[in-house]
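# Topology and contacts: notes
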Amino acid sequence: MRPPSQMTQIVGSILVALAIAAVAIAVVTAHFGPTSTAKLEAREDAIDARIDAREERQKAAEDRREDRGED
């Protein structure tokens, strides 16, 4: 039985390297999720929207108090 040729070894090594890379990508994607950044940004946007709405309500209430005081 003769040993595998150099080309066979190279092709085999490349296939193994691709398999390792695919497994690494699958593990990282499963751990962090493909949309984790998008979810974080959406959460931050929702928090900012709530803060803005609260500030607008407080400003409107303050304006109403000032209007009542000026009458």
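You'll find the structure just up there.
Source: prediction; values computed, not measured. (Residues numbered from 1 in each chain as written. Predicted model: local features only at pLDDT ≥ 70, side-chain atom pairs only at ≥ 80, totals over all residues. Heavy atoms only, no water.)

## Looking at the overall build of the protein
Stated precisely, the cut-off is as follows: Counting from the N terminus, the helices are the DSSP runs of H or I reaching at least four residues and the strands are the DSSP runs of E reaching at least two. Each residue is placed in one exposure class: buried if its accessible area under a 1.4 Å probe, protein chains only, is under 20% of its type's maximum, exposed if it is over 50%, and partly exposed if it falls in between. Using a 1.4 Å probe, accessible areas were evaluated by the Shrake-Rupley method; residue-level cover was limited to the displayed protein chains.
Counting its secondary structure elements, the protein contains two helices and zero strands. Projecting the C-alpha coordinates of the protein onto the three principal axes gives extents of approximately 105 × 15 × 5 Å. Here the protein holds 71 residues, and 1% of them are scored as buried. For the protein, the computed accessible surface area is about 6600 Å², with 61% contributed by carbon and sulfur atoms.

## Structural notes on the pattern of salt bridges
Our working definition: Between Lys or Arg on one side and Asp or Glu on the other, a salt bridge is scored when a side-chain nitrogen of the former is within 4 Å of a carboxyl oxygen of the latter.
Considering all chains together, one arrives at one salt bridge under this definition. Close ionic contact of Asp63 with Lys59 constitutes a salt bridge, the shortest N to O distance being 3.3 Å. In this pair, Asp63 and Lys59 are both assigned in helix α2 (residues 36-70), four residues apart and thus about one turn of the helix distant. The class for Asp63 is partly exposed, based on a relative accessible area of 29%.

## Regarding a nonpolar patch on the surface
Rules: The patches reported here contain residues having more than 30% relative accessible area and no salt bridge. Joining distances are 9 Å for like charges and 5 Å for nonpolar side chains (Val, Leu, Ile, Met, Phe, Trp, Tyr).
Together, Met7, Ile10, Val11, Ile14, Leu15 and Leu18 give the surface a local cluster of nonpolar side chains, amounting to about 590 Å² of exposed area. As for its placement among the helices and strands, Val11 is situated in helix α1 (residues 6-32). Residue class for Val11 comes out partly exposed when judged on its relative accessible area of 42%.

## Quick notes on the environment of Val23
Structurally, Val23 is set in helix α1. C-alpha separation for the pair Val23 and Arg57, spaced 34 residues apart in sequence, amounts to 51 Å.

## A few points about the environment of Thr8
Residue position: Thr8 is located in helix α1. Residue Thr8 is classed as partly exposed on the basis of its relative accessible area of 48%. Through-space distance from the C-alpha of Thr8 to that of Ala42 is 49 Å; in sequence the pair is 34 residues apart.

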